Amino acid sequence: MMESGLLLKGIGSFYEVLTESGEIVTSKARGAFRREGLVPTVGDRVRIERKEQGYAQLCEILPRRNLLVRPPVANVDQLLIVVSASAPEPDWLLVDRLIISAKRMQIDPVPVLNKIDTADETIVKTFLSDYAAFPILSVSAETGEGLDALRARLAGKVSCFAGQSAVGKSSILNALIPDLHLETGVLSRKTDRGRHTTRHAELWQYENGAVMDTPGFSMFETEILEQEELDACYPEFKNAFPCRFPGCMHLSEPDCGVKPLLASGELKQGRYERYREIALDYQTRRKHRYD
Ligand SMILES: Nc1nc2c(ncn2[C@@H]2O[C@H](COP(=O)(O)OP(=O)(O)OP(=O)(O)O)[C@@H](O)[C@H]2O)c(=O)[nH]1
Ligand SMILES: [Mg+2]
Ligand SMILES: [Zn+2]
């Protein structure tokens, strides 16, 4: 009997598959995958067949809607981009770059402000204003504030947590899943490095979906973007009147449709300043593309 499931974790050539009936079944990959150059990946939607001797075979990998390389995970629905309301000071440029990486892979970016129990007023203001065009959340892993809304947002989806080190990604997951016991805090990280702990990709089933932690400064690389592709990563640009010049970089060109959005408040100054930096960076990379 064939069953569908979600690949949560790989251990050698065995894979833990969460079936539709909610059971976790250890399955062995069919030998043919290797010959076909297919690697079963965490997040894969798969078909398994249970065998007599109490084990199951992973028979088929269903087509993927996206595939991240670092960490290796497939079919991600949303990227929770965590920033801290106190320390460490937010790296807003990293947030904006993560948003772009997510959008390029058809992943919904969800900026999450953690540590609101120790909030710095300026950080909170910047977060709420700069990311108003996104489905933002404010939480505290410490007090539990806002976690119900986060739980609702995670339901039924495959979600990845990303962001700077020490913003509280693992702490949030521990608060959501009581028996998870992920290592948190600076000390545990030092120990990790000393022991050369390999952190592998693993999904945890959660609220009819699944979640994944990623360590430190995980960054998803993006290919070089054309200006129009970059434009599409900024929901704030949606109501911009078309610019006079096609491929307008919205820097200081005449009759630019993006610049007026600053006056109307649809585009925030901070987002725009970081946009300029990112746009110029892509321009440089486009110029040197064939070097
Ligand atoms: N006050 C407060 N401290 C928090 C909160 N969430 C996490 N922390 C603390 O922040 C520190 C870092 O938390 P982690 O969960 O390890 O951060 P991380 O994002 O997983 O860090 P990396 O694994 O290094 O990427 C720990 O000392 C936590 O106790 C919170 O909501 N409020
Ligand atoms: Mg962590
Ligand atoms: Zn323009």
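Remember, predicted model here, so these are calculated numbers, not experimental data.

Observations concerning the nonpolar core
Leu58 and Leu79 are the most contacted members of the largest nonpolar core, which has 42 residues in total. Among the elements that line this core, the one with the most residues is helix α2 (residues 92-104), at six residues. Each of domain 1 (2-63) and domain 2 (68-212) gives at least three residues to this core. Residues Ala141, Leu150, Phe161 and Leu182 belong to the second largest nonpolar core, which totals 21 residues.

Here's the deal with helix α5 (residues 169-176)
Those residues of α5 that fall on the buried side of the exposure criterion are Lys169, Ser170, Ile172, Leu173 and Leu176. With its buried residues spanning 160° around the axis, α5 presents them on a single face. Here the buried face of α5 lies against β8 (78-84), β9 (108-114), α4 (147-154), β11 (158-162), β12 (204-206) and β13 (209-212).

Topic: helix α9 (residues 269-287)
For α9, which comprises 19 residues, the first-to-last C-alpha distance of 27 Å matches the rise-based estimate of 27 Å (1.5 Å per residue) to within 8%. Buried within α9 are the following residues: Gly270, Arg271, Tyr272, Arg274, Tyr275, Ile278, Ala279, Tyr282 and Arg286. Next to the buried residues of α9 lie α2, α3 (121-130), α7 (227-231) and α8 (259-264).

What counts as what
Residues numbered from 1 in each chain as written. Chains lettered and ligands numbered in written order. Predicted model: local features only at pLDDT ≥ 70, side-chain atom pairs only at ≥ 80, totals over all residues. Heavy atoms only, no water. Core = buried A, V, L, I, M, F, W, Y, C linked by side-chain atoms within 4.5 Å. Buried < 20%, exposed > 50% of the residue type's maximum accessible area, 1.4 Å probe, protein only. Helix = DSSP H or I, 4+ residues; strand = E, 2+ residues; numbered from the N terminus. Domains from an automatic or database assignment. Arc of directions from axis to C-beta. Contact = heavy atoms within 4.5 Å. Expected span 1.5 Å × (residues − 1).

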